[in-house]
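Geometric and topological summary
Residue-level listing of the chains:
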Amino acid sequence: GQQLNQSPQSMFIQEGEDVSMNCTSSSIFNTWLWYKQDPGEGPVLLIALYKAGELTSNGRLTAQFGITRKDSFLNISASIPSDVGIYFCAGRRQGATNKLIFGTGTLLAVQP
Amino acid sequence: GAGVSQSPSNKVTEKGKDVELRCDPISGHTALYWYRQRLGQGLEFLIYFQGNSAPDKSGLPSDRFSAERTGESVSTLTIQRTQQEDSAVYLCASATDYEQYFGPGTRLTVT
């Protein structure tokens, strides 16, 4: 099935570092969502974005809906060990059904 | 409030047996999705229910897989004649028009 291009595929960082990951699509999207999945759990919604250019924060997390409506970014500031997990982007294409399309995921490892 | 629940949480079955996985969505959510996630992999879309519309079955990997949903409530995913390659976590998610929430998943192991 169709998936969004998400990068990087994995990141290994030191505690305290900032992290950035992104998703891109060839189609215009009208919604972007970011999820985090801990081992053995289902993904949990972190941030939802609905307008081009929108910048939304949730604690140390900040996500942006790209101005072209074809991309989105997630930044994590001052990473801590519990940030470890897999981060997924998801989006809805404009003019399509309500069905969400998911990115391939970014594995984040944080070394204390 | 109550989130999405799935049962069983773990299922071990012998190759060739049929299994049924259950999803109880959040009340009032019109959309329901099933995904498969193999170990260390991303989310593989299986099927999507939206209200009373015909389901989008485009992700089902073979005719051994089927799913039903009664109205806007419970959904069951059935896998017939299970194969070892079916071993994975099966995730259900329910959604409003804007946001989607996942259940904890059912871990299926086919021996």
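Look up a bit, the structure's there.
Reading the values: rules and limits
Residues numbered from 1 in each chain as written. Chains lettered and ligands numbered in written order. Predicted model: local features only at pLDDT ≥ 70, side-chain atom pairs only at ≥ 80, totals over all residues. Heavy atoms only, no water. Helix = DSSP H or I, 4+ residues; strand = E, 2+ residues; numbered from the N terminus. Rg over C-alpha atoms; globule rule 2.2 N^0.38 Å. Buried < 20%, exposed > 50% of the residue type's maximum accessible area, 1.4 Å probe, protein only. Areas by Shrake-Rupley, 256 points an atom, 1.4 Å probe, with all protein chains shown as cover. Lys, Arg positive; Asp, Glu negative; His and termini not counted. Charge placed at Lys NZ, Arg CZ, Asp CG, Glu CD. Core = buried A, V, L, I, M, F, W, Y, C linked by side-chain atoms within 4.5 Å. Contact = heavy atoms within 4.5 Å. Pairing = 2+ DSSP bridges. Axes fitted to C-alpha atoms, helices over the stretch in contact; angles between N-to-C directions. Disulfide = S-S within 2.5 Å. Phe/Tyr/Trp six-rings, centres within 6.5 Å; stacked < 30°, edge-to-face > 60°.

Digging into the overall build of chain A
Within chain A, the regular secondary structure consists of 0 helices and 11 strands. Order of helices (α) and strands (β) in chain A, N terminus to C terminus: β-β-β-β-β-β-β-β-β-β-β. Relative to a compact globule of 112 residues, whose C-alpha radius of gyration would be 13 Å, chain A shows 13 Å and is just as compact. The dimensions of chain A, computed from C-alpha atoms along their principal axes, are 45 × 25 × 20 Å. Within chain A, buried positions represent 43% of all 112 residues. Total accessible area on chain A is roughly 5,200 Å²; 50% of this is exposed by carbon and sulfur atoms. Considering chain A, the positive charge centre built from 8 side chains and the negative charge centre built from 8 side chains are found 17 Å apart.

Remarks on the nonpolar core
Residues Trp32(A), Trp34(A), Leu74(A) and Leu108(A) are the most contacted members of the largest nonpolar core, which totals 21 residues. Counting residues per element, the ones that place at least two in this core are strand 2 (10-14), strand 3 (19-24), strand 4 (29-37), strand 5 (44-49), strand 7 (61-65), strand 8 (71-76), strand 9 (85-93) and strand 11 (106-111) of chain A. Here Leu108(A) is in contact with Met11(A), Ile13(A), Val19(A), Ile76(A), Asp83(A), Val84(A), Gly85(A) and Tyr87(A), once residues within four sequence places are set aside. Counting 20 residues, the second-largest nonpolar core is a separate cluster that includes Leu21(B), Ala67(B), Ile79(B) and Cys92(B).

Here's the deal with the pairing of strand 10 (residues 106-110) of chain B
Residue and element names in this part refer to chain B. Burial of strand 10 is one-sided: the residues Thr 106, Leu 108 and Val 110 facing one way are buried, the residues Arg 107 and Thr 109 facing the other way are not. Alignment of strand 8 (residues 88-95) against strand 10, held across 3 bridges, turns out to be antiparallel. Bridge assignment links Val 89 to a residue of strand 10, and that residue is Arg 107.

Brief notes about the side chain of Thr13(B)
All names here are of chain B. Position of Thr 13 among the secondary structure elements: in strand 2 (residues 10-13). By relative accessible area, which is 7% here, Thr 13 ends up buried. Sequence-distant contacts of Thr 13, defined by excluding residues within four places in its chain, comprise Val 19, Thr 82, Leu 108, Thr 109, Val 110 and Thr 111.

Comments concerning the sheet that holds strand 7 (residues 75-79) of chain B
All names here are of chain B. Pairing is antiparallel across the open sheet formed by 4 strands, whose spatial order is 1-3-7-6. With partners counted over all chains shown, the strands left at the sheet margins are strand 1 (5-7) and strand 6 (65-69), one partner each. Averaged over neighbouring strand pairs, the angle between their axes works out to 15° when direction is ignored. Pairing of strand 3 (residues 19-24) with strand 7 involves 5 bridges; the strand directions are antiparallel. Within strand 7, the residue paired with Arg 22 across the bridge is Thr 76.

Comments concerning the state of the cysteines
Under the counting rule described, the total for this entry stands at 2 disulfides over all chains. In this model Cys23(A) forms its disulfide with Cys89(A); the gap between the sulfur atoms is 1.6 Å. The chirality of the disulfide connecting Cys23(A) with Cys89(A) is left-handed, given an S-S dihedral of about -70°. With Cys23(A) in strand 3 and Cys89(A) in strand 9, this residue pair connects regions lying 66 residues apart in the sequence. Classification of Cys23(A) as buried rests on a relative accessible area of 0%. Here Cys23(B) is linked by a disulfide to Cys92(B), with a sulfur-sulfur distance of 1.8 Å. Between Cys23(B) and Cys92(B) the disulfide shows an S-S torsion of about -60°. By sign, it is left-handed. Within this pair, whereas Cys23(B) is found in strand 3, its partner Cys92(B) is found in strand 8, the two being separated by 69 residues in sequence.

Looking at the packing of aromatic side chains
Residues and elements named next belong to chain A. Tallying each qualifying case throughout the model produces 10 aromatic pairs over all chains. Taking 5.6 Å as the distance between ring centres and 45° as the angle between the ring planes, the aromatic pair formed by Tyr 35 and Phe 102 counts as tilted. On the criterion of sequence distance, the pair formed by Tyr 35 in strand 4 and Phe 102 in strand 10 (residues 101-102) is long-range, its members being 67 residues apart. Look at Tyr 35 and you get buried, because its relative accessible area is 0%.

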